[in-house]
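Single-letter residue listing:
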Protein chains: 2
Amino acid sequence: MQISPAMEDYLMAIYRSQTVAERVSTSQIARRLGVSAASTTAMFKRLAEEALVEYHEYTGASLTAKGEGLAASLVRRHRLAERFLTDVLGIGLDQVDPMADRMEHALPPEVIDRFDSILQEPHTCPHGQPIPDKDGVLPDLHYSPLASLAAGEEATIARLEEGDPELLRYLVEQGLVPGARIRVVEKHPVDDLITLDLGGTSLVVGQRVVAALDVGDVPAPRTPRL
Amino acid sequence: MQISPAMEDYLMAIYRSQTVAERVSTSQIARRLGVSAASTTAMFKRLAEEALVEYHEYTGASLTAKGEGLAASLVRRHRLAERFLTDVLGIGLDQVDPMADRMEHALPPEVIDRFDSILQEPHTCPHGQPIPDKDGVLPDLHYSPLASLAAGEEATIARLEEGDPELLRYLVEQGLVPGARIRVVEKHPVDDLITLDLGGTSLVVGQRVVAALDVGDVPAPRTPRL
DNA sequence: AGTGTATGTTAGTCTGGACTAAAATTATGC
DNA sequence: GCATAATTTTAGTCCAGACTAACATACACT
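Residues numbered from 1 in each chain as written. Chains lettered and ligands numbered in written order. Predicted model: local features only at pLDDT ≥ 70, side-chain atom pairs only at ≥ 80, totals over all residues. Heavy atoms only, no water.

**Regarding the pairing of strand β4 (residues 154-160) of chain A**
All names here are of chain A.
Part 1: With respect to burial, β4 is a largely interior element, five of its seven residues being buried.
Part 2: Examined bridge by bridge, β4 and strand β5 (residues 181-188) share three bridges and lie antiparallel to one another. From the neighbouring strand, Ala155 faces β5, where its bridge partner is Ile182. (Buried < 20%, exposed > 50% of the residue type's maximum accessible area, 1.4 Å probe, protein only. Helix = DSSP H or I, 4+ residues; strand = E, 2+ residues; numbered from the N terminus. Pairing = 2+ DSSP bridges.)

**Comments concerning the environment of Lys66 of chain B**
Residues and elements named next belong to chain B.
Part 1: For Lys66, the position within the fold is in helix α4 (residues 65-87).
Part 2: It is 17 Å that separates the C-alpha atoms of Lys66 and Pro5, two residues lying 61 residues apart in sequence.
Part 3: The contact partners of Lys66, leaving out residues within four places of it in the chain, are Glu50, Ala51 and Leu52.
Part 4: At 2.9 Å, the side chain of Lys66 forms a polar contact with the backbone oxygen of Glu50. (Contact = heavy atoms within 4.5 Å. Polar contact = N/O pair within 3.5 Å; in protein donor to acceptor, adjacent residues only side chain to side chain.)

**Here's the deal with the relation of the copies chain B and chain A**
Part 1: Between the two copies, chain B and chain A, the superposition gives an RMSD of 0.0 Å; the rotation angle is 180° and the shift along the axis is 0.0 Å. Between the two chains, the operation in question is that of a two-fold axis.
Part 2: When the interface residues of chain B are mapped onto chain A, 100% of them again lie at the interface, so the same face is used by both copies. (Least-squares fit on C-alpha atoms with pLDDT ≥ 70 in both.)

**Let's talk about the domain arrangement of chain A**
Part 1: Under the domain assignment used here, chain A contains domain 1 (5-63) and domain 2 (144-213).
Part 2: Here the C-alpha centre of domain 2 of chain A lies 32 Å away from the C-alpha centre of domain 1 of chain A. (Domains from an automatic or database assignment.)

**Let's talk about the side chain of Thr195 of chain A**
Residues and elements named next belong to chain A.
Part 1: Mapping Thr195 onto the fold places it in strand β6 (residues 193-198).
Part 2: Of note is the side chain of Thr195, whose polar atom sits 2.9 Å from the side chain of His188.
Part 3: Not counting residues up to four positions away in its chain, the partners in contact with Thr195 are Arg183, Val184, Val185, Glu186, His188, Ser202, Leu203 and Val204.

**Examining the protein's contact with DNA strand D**
Part 1: Taken together, the neighbourhood of DNA strand D is formed by 20 residues, with Ser4 and Arg46 of chain A together with Ser27, Lys45 and Tyr55 of chain B sitting nearest.
Part 2: When the atoms of DNA strand D within 4 Å of the protein are grouped by moiety, sugar and phosphate amount to 86% of the total.
Part 3: At 2.7 Å from a phosphate oxygen of DNA strand D is found a main-chain nitrogen or oxygen belonging to Ser36 of chain A.
Part 4: Here the surface near DNA strand D gets four residues from one element, more than from any other, and that element is helix α3 (residues 37-49) of chain B.
Part 5: Here the surface near DNA strand D is composed, by residue class, of nine nonpolar, eight polar and three charged. (Near = heavy atom within 4 Å. Nonpolar A, V, L, I, M, F, W, Y, C, P; charged D, E, K, R; others polar.)

**Regarding the protein's contact with DNA strand C**
Part 1: Neighbouring DNA strand C are 20 residues, the closest being Lys45 and Tyr55 of chain A together with Ser4, Ser39 and Arg46 of chain B.
Part 2: The sugar and phosphate moieties of DNA strand C supply 87% of its atoms located within 4 Å of the protein.
Part 3: Here a phosphate oxygen of DNA strand C sits 2.3 Å away from a polar atom, N or O, in the side chain of Lys45 of chain A.
Part 4: Among the elements of the structure, α2 (26-33) and α3 (37-49) of chain A together with α1 (5-17) and α3 of chain B are those that each provide at least two residues to the surface near DNA strand C.
Part 5: Considering every element that reaches the surface near DNA strand C, the biggest residue donor is α3 of chain A, with four residues.

Right, dumping it as structure tokens:
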């Protein structure tokens, strides 16, 4: 059978929800995709028929090797599309995720390959999420959470969580994007907030909003070669 | 109501079939889209409900002003996508039409606008078909059919018919693409064939296969500005 | 261990877009 | 001008993918 766009959406959602071969629940995926739990159950069954997931009633599903390979290539496609949108077309970081959601199902493999080489084989999307390589292997990026930094420490922003579009728009507006250099001014353990200095301006954010990278390997956009 | 991808396909097909406000028949569109006549009838009705076409039973449909405007923007999107695929990604002329068919429904307006400016507002697709401008107005390109040339005359290829993928592949392989300079060696009126000289090699083609341009305005690919 | 709440699944429905087969209409050939 | 051919429309079906409402299971707490 053919893999439909809907099946691709579910596969990606499972891939992104599942940490090291854990089962993923119906409601988790339903929430992530904005879909009813009943629809998710139905799709879990279809995916199980295709041997893309292993599904056990009432206890969730996990990707098979086949499913994981496919999902990795779909995530790769999505993240390369995002990189292309920002780096080549100059579209804002806060706009590319929904655009890539729309576009990804329609991008032929040849186009993805061209994106990859034009962008010089990037290993992160513009938000800092890792891009699986052609064999589905994720680069390991050893980021530290912002919460792990002590007051006074400096770091380079490496990744933003993609969950909340509203929040993302705000962070981009404030300049808190991958590559930005920050310094921790103060930590507020009680309410889980943290005060940052960002090139002179000061900013208060949640400790889980961004991930910091404390080594020199900044995933900044490179100039595409054409 | 929303315009679905299927509706877009039908609108484009009608737009491309209809010469100056003529009615277009059910079977014409069915053939073009590879779909049954019954499906086309059903869609004509849906489009009529949206005031995108004027539909009269048994005698066909024609685009309304609203439908024509929308169709023009869809054709624009398709042809700009093709130009992008050839000029920026370096994909072969004979492969881009089906790719653009897949991609077009998923390309947001912002992306189309970026394509347009990166490509420096091209007025033809890579096959030489005109690209409507933002107001839906087609550039008039005054090409002469190949059949109109006499033996000995020279011309620049301006357009290829997109109908037959197999034929298109062959022509591209032979180098008979927009921008190529040719000379008519001999005309065979009986079997409707014509012998061309193409930079030293000789080639026999049908008289309606390509359109020739006898002025200097060659729609060659330009270097994209980035 | 039993019971209440969370979460999951089943059953039944809807919609868009395709199909085939049969009926209706228009076009064509003699 | 009428019979037949071609085209178009209708009627009925199917499938994917969503939904809601009702039922089933699992988990958590006393």
